Amino acid sequence: MSRLEAKKPSFCKSEPLTSERVRATLCVLKGILTSSYGPSGRLKQLHNGLGGCVCTTSQSSALLANLSVTHPILKILTTSMQNHVSCFSDCGLFTAILCCNLIENDQRIGLMPTTVIKLNKHLLSLCTSYLQSEFCGCRILVDFSSTQTLLCLVRSIVTSKPACMLTRQEIDHISALILRAFLLTIPENTKDCLLLGKSIIVPLKGQRVTDSTVLPGILLEISEVQLMKILPIKKSDTFKVALFCASLSGDLSDTGEGTVVVSSGVSLENAVLDQLLNLGGQLVSDHIDLVICQKVVHPSLKQFLSMHRIIAIDRVGAALMEPLSKVTGTQPIGSLGSISPSSYGSVKDLCTEKFGFKHFLHLIPNEATICSLLLCNRNDTAWDELKLTCQTALHVLQLTIKEPSVLLGGGCTETHLAAYIRHKICNEPESILQDDGCTQTELQLLTEAFCSALESVAGSLEHDGGEILTDMKYGHFWSAQPESPSVVDWPDLLSRCGCGLYTSQEELRWSFLKSTRHPFAPQTCLPHEAVGSANNLTLDCFTAKLSGLQVAVETANLILDLSYIIEDKN
């Protein structure tokens, strides 16, 4: 008999953010995130003390998924960031770091939470309105007549993932492949609605990164034994395909709580095998060239099909079923009964390929928006990180098709936006003071806290103790080498701003990022000549970053508004 225990009362904690333990925990989380940010971010190794796989990464999706947090406030923050990453794939670290900065800065100034939340919402509205406006000085419209901007965007994503362990040449090679794979998913003829295809990432670990390639259609991995059985097939027309989602192994499906009644003297196994061979006979009479099965094909059926020069590939898995259906035009067959001719499909050509130590059957489509990205890297850890990076880049390109804009990266959007907000509030405070009913001092304190939080995100890109500055014309982010001389001619020490758009040879004045300076109006409306002449810009996804900004502010407001945390300890 189990022991009965009295129910414990719920644990109630008021004003949770005043706790030193909570502040210290938030500070530790912020340190983990900021030290992982950007191309020179430090790698994190996450593993479970009880065993299991070890994850080496600096990407937000992997970090947040493998970090175990217990405090309710941290759970709110990490869950919010994970939701953002699941929708947009990119800018997860930006979102999390900005959220931590806002909580820290707003706590430091000590204003009432209602005032802080109200003003944060207003400042967020100013940011989003400016970023979406035509005169925004950090947004670039994507010109789809050229791949230059898209290639810069992909290269920026790949460069920012140091755990991929790529050289400059490898970064350029992978970036070009990702963009090519994405372009292959765009249909040639579209009407009102654009339906993109899919890029399938095929693993090939232990090979050089430069051996990676993109092929139209689908690669199905086969064994060397299967390869020897596949005879060269030459046809003037297309190859007919049957795709099965039902098992062809001959095993009985689970009957649940029911029973199977078998007549005396009847062998169930032989009856099922006869049914499989009858199915094979129909496939032969229908002139099928290729049979693909999601699950297992019975050896006897395989042999029967091989005798009639039909290629049988099994165990392709559920993930490939939808792409295979699109490439071949088939309808997956889910039974062993009579097959409707409309369920069959076709491919333009079949051929065998060998990459590294693996053999593949290459299905070349007639017209399809499915391609295979054969991805190589030196070891499992680097390959896993590279796969995640490719998935992020492909998703970002899809978002860019929907919203054809990008933002300047390398910290320049954050510092430019901070300069714009400071100048806007300094010159036009009346509307906010009237609407929100706050004092001039409160508005100034909150504005400085908000802008400082944005600048601190940009400052997190510097991990080697270098000097971080902003120019007083464009409001862009600049970084100098550590241990710079006290008296220095900045144009000689600086090369380009964080995004790479401007050089230090222009007539600019600089200020240390965390120093006090008079608000100035950063130059808006990016000059078309400057954007067109820059071949290697660092760019961010507009949709992901705009959403990240909104999520960071809203999550910070939610946490700042918490008065009680009630936990049931039972």
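Residues numbered from 1 in each chain as written. Predicted model: local features only at pLDDT ≥ 70, side-chain atom pairs only at ≥ 80, totals over all residues. Heavy atoms only, no water.

Participant: Even after reading the chapter, I still don't get the overall build of the chain, so can you show me in this structure?
Facilitator: Check the secondary structure of the chain and you find 18 helices and 20 strands. Taken along the three principal axes of its C-alpha coordinates, the chain extends 95 × 75 × 45 Å. Buried positions account for 49% of the 570 residues belonging to the chain. Partitioning the contacts of the chain with sequence separation of at least 6, the portion at a separation of at least 24 is 75%. For the chain, the exposed surface amounts to about 28200 Å²; the carbon and sulfur share of it is 51%. A distance of 4 Å separates the average location of the 46 positive side-chain charges in the chain from that of its 55 negative side-chain charges. (Helix = DSSP H or I, 4+ residues; strand = E, 2+ residues; numbered from the N terminus. Buried < 20%, exposed > 50% of the residue type's maximum accessible area, 1.4 Å probe, protein only. Contact = heavy atoms within 4.5 Å. Areas by Shrake-Rupley, 256 points an atom, 1.4 Å probe, with all protein chains shown as cover. Lys, Arg positive; Asp, Glu negative; His and termini not counted. Charge placed at Lys NZ, Arg CZ, Asp CG, Glu CD.)

Participant: Please clarify how the nonpolar core should be interpreted in this entry.
Facilitator: For soluble globular proteins, the rule of thumb is that nonpolar side chains tend to be buried together. The biggest cluster of nonpolar side chains holds 117 residues, and the ones touching the most others in it are Leu77, Leu98, Ile103, Leu131, Ile178, Leu408 and Leu549. When residues in this core are grouped by element, the largest group, 10 residues, is from helix H18 (residues 542-560). Among the nonpolar cores identified, the runner-up in size contains 30 residues, and Ile230, Leu243, Val327 and Cys376 belong to it. (Core = buried A, V, L, I, M, F, W, Y, C linked by side-chain atoms within 4.5 Å.)

Participant: Sorry, what's going on with the domain arrangement of the chain here?
Facilitator: When the parts come together, some accessible area is lost, and that loss is often what is quoted as the size of the interface. Each assigned domain of the chain is listed with its residue range as follows: domain 1 (12-138 + 408-567) and domain 2 (218-253 + 265-367). Relative to domain 2, the C-alpha centre of domain 1 lies at a distance of 53 Å. (Domains from an automatic or database assignment.)

Participant: I tried to follow unusual backbone geometry on my own but got confused; where do I start?
Facilitator: Comment: phi is negative for the bulk of residues other than glycine, and the bulk of peptide bonds are trans. Backbone geometry places cysteine 91, a non-glycine residue, at a positive phi of 65°. Take cysteine 91: it is sitting in the loop between helix H3 (72-88) and helix H4 (92-109). On the basis of relative accessible area, cysteine 91 is assigned to the buried category, the value being 9%. Phi is positive for histidine 287, which is not a glycine, with a value near 60°. Here histidine 287 lies in the loop between helix H9 (268-285) and strand S9 (290-293).

Participant: Sorry if this is basic, but what is going on with the environment of leucine 248 here?
Facilitator: Along the chain, leucine 248 falls in the loop between strand S8 (239-244) and H9. A relative accessible area of 2% means that leucine 248 is categorised as buried. Linking leucine 248 and serine 223, residues 25 residues apart in sequence, is a C-alpha distance of 19 Å. Apart from the residues within four sequence positions on either side, leucine 248 is in contact with Leu276, Leu279, Cys293, Val296, Val297, His298, Leu301 and Leu336.

Participant: Could you clarify how one ought to interpret the pattern of salt bridges in this entry?
Facilitator: Any two side chains of opposite charge can pair if their charged atoms end up close together. Tallied over the full model, the rule gives 16 salt bridges. The salt bridge partner of glutamate 104 is lysine 30, with a shortest N-O separation of 3.3 Å. On the criterion of sequence distance, the pair formed by glutamate 104 in helix H4 and lysine 30 in helix H1 (residues 20-34) is long-range, its members being 74 residues apart. Two residues, lysine 545 and glutamate 414, come together in a salt bridge whose shortest N-O distance is 2.9 Å. With lysine 545 in helix H18 and glutamate 414 in helix H13 (residues 412-427), this pair connects stretches of sequence that are 131 residues apart. Comparing lysine 545 with glutamate 414, the two get one shared label, buried. One connected set of salt bridges, linked through shared partners, spans Lys30, Glu104 and Arg108. (Salt bridge = Lys/Arg side-chain N within 4 Å of Asp/Glu carboxyl O.)

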